[in-house]
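Descriptive analysis of the structure
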Amino acid sequence: MAILREHIQEFGVHEDGRLFRSSRGGVISIGTYCEAWKAARTFALTPEQQASPLAARPYDLRHAAVSLWLNAGVAAPDVADRAGHGVDVLLRVYVKCIDGGAEIANQRIDDALAA
């Protein structure tokens, strides 16, 4: 969050709320965005992760965010609302993206049975 705050303090946001924009204030082209995404992936991921489909597309960030919210225990209706769609879409599309959820679910079930 500190990096995000520093960026906003230095560059501000566009009047429509966009964080990133072209030098003329326009929308960043998909080509520029994809180039930046590839560079970020190379910087942030191990060689094994880079060779995998993990975060292969910029859109995968949406899946990562929704999965994070679900893994954090945010209720499905709230996650769906934040993502801008219904619970049916959330459960059909995004629930498959959750990584490591089985262990957390097993622990929650054990905790509930022990109560």
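Keep in mind it's a predicted model, so treat the numbers as computed, not measured.

So, the overall build of the protein chain
The helix and strand tally for the protein chain stands at seven helices and zero strands. Each helix and strand of the protein chain, ordered N terminal to C terminal, gives the series α-α-α-α-α-α-α. Against the 2.2 N^0.38 benchmark of 13 Å for 115 residues, the protein chain shows a C-alpha radius of gyration of 18 Å, more extended than a compact globule. Viewed in the frame of its principal axes, the protein chain has a C-alpha envelope of about 60 × 35 × 30 Å. In the protein chain, which comprises 115 residues, the proportion classed as buried is 15%. Looking at the protein chain alone, contacts between residues at least 24 apart form 30% of all its contacts between residues at least 6 apart. The averaged location of the 14 negative side-chain charges in the protein chain is 8 Å from the averaged location of its 12 positive side-chain charges.

Here we look at a nonpolar patch on the surface
On the surface, Met1, Leu4, Ile8 and Val13 cluster together into a nonpolar patch covering about 360 Å² of accessible area. Along the polypeptide, Ile8 turns up in helix 1 (residues 2–11).

Looking at helix 5 (residues 76–83)
Among all positions of helix 5, only Val79, Ala80 and Ala83 are buried. Along the axis of helix 5, the buried positions cluster into a sector of 100 degrees, meaning they face one direction only. The outward face of helix 5, more than 90 degrees from its buried face, is lined by the exposed residues Pro77, Asp81 and Arg82. The elements touched by buried residues of helix 5 are helix 4 (60–71) and helix 6 (87–94).

Focus: the nonpolar core
Val66, Leu70, Val79, Ala80, Ala83, Leu90 and Tyr94 together form the largest nonpolar core, which totals seven residues. Contributions of two or more residues to this core are made by helix 4, helix 5 and helix 6. Among the elements that take part in this core, helix 5 stands out by supplying three residues, more than any other. Excluding residues that lie within four positions of it along the chain, Val66 makes contacts with Val79, Ala83, Leu90 and Tyr94.

Focus on the pattern of salt bridges
One side chain can pair with another of opposite charge once the charged atoms of both are near each other. Taken as a whole, this structure holds two salt bridges when the rule is applied. One salt bridge in this structure joins Arg57 and Asp60, with 2.6 Å as the shortest N-O distance.

Rules of the game
- Residues numbered from 1 in each chain as written.
- Predicted model: local features only at pLDDT ≥ 70, side-chain atom pairs only at ≥ 80, totals over all residues.
- Heavy atoms only, no water.
- Helix = DSSP H or I, 4+ residues; strand = E, 2+ residues; numbered from the N terminus.
- Rg over C-alpha atoms; globule rule 2.2 N^0.38 Å.
- Buried < 20%, exposed > 50% of the residue type's maximum accessible area, 1.4 Å probe, protein only.
- Contact = heavy atoms within 4.5 Å.
- Lys, Arg positive; Asp, Glu negative; His and termini not counted.
- Charge placed at Lys NZ, Arg CZ, Asp CG, Glu CD.
- Patch = residues over 30% accessible without salt bridge, like charges linked within 9 Å, V, L, I, M, F, W, Y side chains within 5 Å.
- Areas by Shrake-Rupley, 256 points an atom, 1.4 Å probe, with all protein chains shown as cover.
- Salt bridge = Lys/Arg side-chain N within 4 Å of Asp/Glu carboxyl O.
- Arc of directions from axis to C-beta.
- Core = buried A, V, L, I, M, F, W, Y, C linked by side-chain atoms within 4.5 Å.

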